[in-house]
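Here is how the chains run, residue by residue.
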Amino acid sequence: MYKKFLSGVLAAAMVIGGAAYAAKPASVDAAGAPKPKYTFSMNGASKNVVGVARKGDTSAGTTGNTKTGIVPTANKKAKLQYKKGKHGKALYISRTVGGKAASMGAQLKGVKLGSKSWTVSFWVKPEIELGQFSSVFFTGNHIQDPKNTKWVSITRGGDAWLGDGKVKAPTIWSHNAASGEFPWYNHQNSKGQWTSTNALTKGKWTHVTLVVNTQKTSWDKKGYCVYGKKGSDGYSKGYHAWTYINGKLYGNGTIAKNTMSNSNSFFLGLNAWDMGFKGYIDDVKLWDKALSPKQVKAIAK
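Residues numbered from 1 in each chain as written. Predicted model: local features only at pLDDT ≥ 70, side-chain atom pairs only at ≥ 80, totals over all residues. Heavy atoms only, no water.

Some details on unusual backbone geometry
Cis geometry is found at the peptide bond from A169 to P170, where omega equals 0 degrees. Mapping P170 onto the fold places it in the loop between β11 (150–155) and β12 (171–176). Residue F133 is not a glycine yet carries a positive backbone phi of 70 degrees. Position of F133 among the secondary structure elements: in the loop between β9 (118–126) and β10 (135–141). One non-glycine residue, H142, lies in positive phi territory at about 50 degrees. For H142, the location among the structural elements is in the loop between β10 and β11. (Helix = DSSP H or I, 4+ residues; strand = E, 2+ residues; numbered from the N terminus.)

Here's the deal with the side chain of N271
The residue N271 is located in the loop between β20 (265–268) and β21 (279–287) in this model. Here S135 takes part through its side chain, which lies 2.9 Å from a polar atom of the side chain of N271. Here W273 takes part through its backbone nitrogen, which lies 2.7 Å from a polar atom of the side chain of N271. (Polar contact = N/O pair within 3.5 Å; in protein donor to acceptor, adjacent residues only side chain to side chain.)

Remarks on the nonpolar core
L108, F122, L210 and L286 are the most contacted members of the largest nonpolar core, which has 61 residues in total. No other element matches the 4 residues that β9 contributes to this core. Every residue in contact with F122, bar those within four places of it in the chain, is listed here: V136, F137, I154, T206, H207, V208, I281, D282, D283 and V284. W287, A290, L291 and I299 belong to the second largest nonpolar core, which has 9 residues in total. (Core = buried A, V, L, I, M, F, W, Y, C linked by side-chain atoms within 4.5 Å. Buried < 20%, exposed > 50% of the residue type's maximum accessible area, 1.4 Å probe, protein only. Contact = heavy atoms within 4.5 Å.)

As for the sheet that holds strand β8 (residues 105–108)
Read from one edge to the other, the open sheet built from 8 strands follows the order β3-β2-β8-β20-β10-β11-β12-β13, with strand pairing classed as antiparallel. Unpaired on one side and paired on the other, β3 (73–74) and β13 (184–185) mark the two borders of the sheet. Bridge count between strand β2 (residues 49–53) and β8: 4 bridges; the pairing is antiparallel. Paired with G51 across the two strands is A106, which belongs to β8. (Pairing = 2+ DSSP bridges.)

A look at the pattern of salt bridges
The tally for this structure, following the rule as stated, stands at 6 salt bridges. Here K37 ties to D288 by a salt bridge, and the two come within 3.6 Å at their closest N and O atoms. Residue K37 is found in the loop between α1 (3–16) and β1 (38–40), and its partner D288 is found in the loop between β21 and α2 (293–299); the two are separated by 251 residues along the sequence. On the basis of relative accessible area, D288 is assigned to the partly exposed category, the value being 35%. (Salt bridge = Lys/Arg side-chain N within 4 Å of Asp/Glu carboxyl O.)

Below you can see the structure in the form of structure tokens.
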């Protein structure tokens, strides 16, 4: 996905080591999490969870079109299944279309989170190891417009990123074509340094929460985050995002601006370019606000 463009972006990021913020934001808010604006329990078929696939995919399960991609659309042959999950049943994405191996996923219908802070959480259990750039969660607007596309992906980052050839999952990758922003981040240690870590291992349930904050809060004093070095290729001053694994802080970094709007589409297991996800996703919840660290801990059960 846009691999040529990334070379300069990654070089800029690696020079300064990414966004270096405190490993743990201050936890001062009440522990109880607010009620989600949208909940997809995945206990059975729903008109708001639709099987989707991409037209014209290659035999490798990708679009072969890195410039515009292909937006997944409803496909009756991309049948969603519901099997034993973390709580009750879970959505199972088989990566088959019409009985043949092919990338597929699910679209979440009717979701409108506005254009400010937001949060998504879910349980996930990959059946096989994630492929590079495969999305577990993907949302965007103007997706096929190379001049205006804006999106956020919870994915497996490039193995070549950071120059170590290791798995990086989950990686939070976003893009705003209009501004040229293309930031990403993954796991960080206590010193704020990026490290290659795979928290989404096959056969294991993991709770993932992504918090995107667009304003100052009691636990996020700045309300923004810088990616890269000012004046260099790939520099971005965007929203501040926080990733949590099983309720514990995993990493934080920059999300490109204007990547959320009421016109966004939401997908599980599939983006507009890369190999689809295969496995289980359960209890998907979305908020039109940024949850605090204590609130994230409360929902990771």
